[in-house]
Amino acid sequence: MHELSIAQSLLALIEDEMAKHGKEKLITVKVRHGRLSSVVPEALSMAFEVMTADSRLAGAALVMEETPVLLRCRDCSREFTPDPPTAAFAPCPGCGQELGHTVVSGRELYIEYLELE
Ligand SMILES: [Zn+2]
């Protein structure tokens, strides 16, 4: 379950930011994850909750938003969201090319913002 290690690195980042800004309490953390980053939101939520339970971060809200997959065709440069949306290889609706598309978005995993107090 790689959500545990993701939660661990999120917490390290959060602690860093809190120290940097001299804050004591985490209210909300918003995480953006791409459809292709293979994060299971429920699993990450649970890992986060378990790992913060006995800390000063207990009770903080973890908000997650999924970024859809966006590909750019290597032949005609058209950008499109493949169907099914998890497939990195999909026919381009413009020219039919199936391979070599650039993943414009969908792989990201980052903290969008922190609400600290
Ligand atoms: Zn194309």
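Rules of the game
- Residues numbered from 1 in each chain as written.
- Predicted model: local features only at pLDDT ≥ 70, side-chain atom pairs only at ≥ 80, totals over all residues.
- Heavy atoms only, no water.
- Salt bridge = Lys/Arg side-chain N within 4 Å of Asp/Glu carboxyl O.
- Helix = DSSP H or I, 4+ residues; strand = E, 2+ residues; numbered from the N terminus.
- Buried < 20%, exposed > 50% of the residue type's maximum accessible area, 1.4 Å probe, protein only.
- Expected span 1.5 Å × (residues − 1).
- Arc of directions from axis to C-beta.
- Contact = heavy atoms within 4.5 Å.
- UniProt positions renumbered as here; feature names shortened; annotations may be inferred.

Counting across every chain of the model gives 10 salt bridges. Linking Arg56 and Glu15 is a salt bridge whose minimum nitrogen-to-oxygen distance equals 2.8 Å. Of this pair, Arg56 sits in the loop between α2 (41-52) and β2 (61-67) while Glu15 sits in helix α1 (residues 3-21), placing them 41 residues apart in sequence. Using a relative accessible area of 40% as the deciding quantity, one classes Arg56 as partly exposed. Judged by its relative accessible area of 29%, Glu15 is partly exposed. One salt bridge in this structure joins Lys30 and Glu112, with 2.9 Å as the shortest N-O distance. One end of the pair, Lys30, is in strand β1 (residues 26-34); the other, Glu112, is in strand β6 (residues 109-116), and 82 residues separate them in sequence. On the accessibility criterion, Lys30 (9% relative accessible area) is buried.

Helix length check: α2, at 12 residues, gives a terminal C-alpha distance of 16 Å against a target of 16 Å (1.5 Å per residue), a fit within 8%. Those residues of α2 lying buried are Ala43, Leu44, Ala47, Phe48 and Thr52. Buried residues of α2 fall within an arc of 150 degrees about the axis and therefore sit on the same side. In α2, the exposed residues that point more than 90 degrees away from the buried face are Glu42, Met46, Glu49 and Val50. Buried residues belonging to α2 abut α1, β1 and β2.

Here the focus is the UniProt feature "binding site: Zn(2+)" in the chain. Those places that UniProt annotates as "binding site: Zn(2+)" correspond, in this numbering, to Cys73, Cys76, Cys92 and Cys95. For the residues just named, distributed over 23 residues, the greatest C-alpha separation is only 8.7 Å, placing them together at one site. Among the structural elements, Cys92 can be located in the loop between β4 (79-80) and β5 (102-105). When residues no more than four places from it in sequence are discounted, the contact partners of Cys92 are Cys73, Cys76, Arg78, Phe80, Gln97 and His101. Relative to the helices and strands, Cys95 resides in the loop between β4 and β5.

Helix length check: α1, at 19 residues, gives a terminal C-alpha distance of 27 Å against a target of 27 Å (1.5 Å per residue), a fit within 8%. Of the positions making up α1, those classed as buried are Glu3, Ile6, Ala7, Leu10, Leu11, Ile14 and Met18. Buried residues in α1, looked at end-on, bunch into an arc of 135 degrees, giving them a common side. Facing away from the buried side of α1, by more than 90 degrees, are the exposed residues Ala19 and Lys20.

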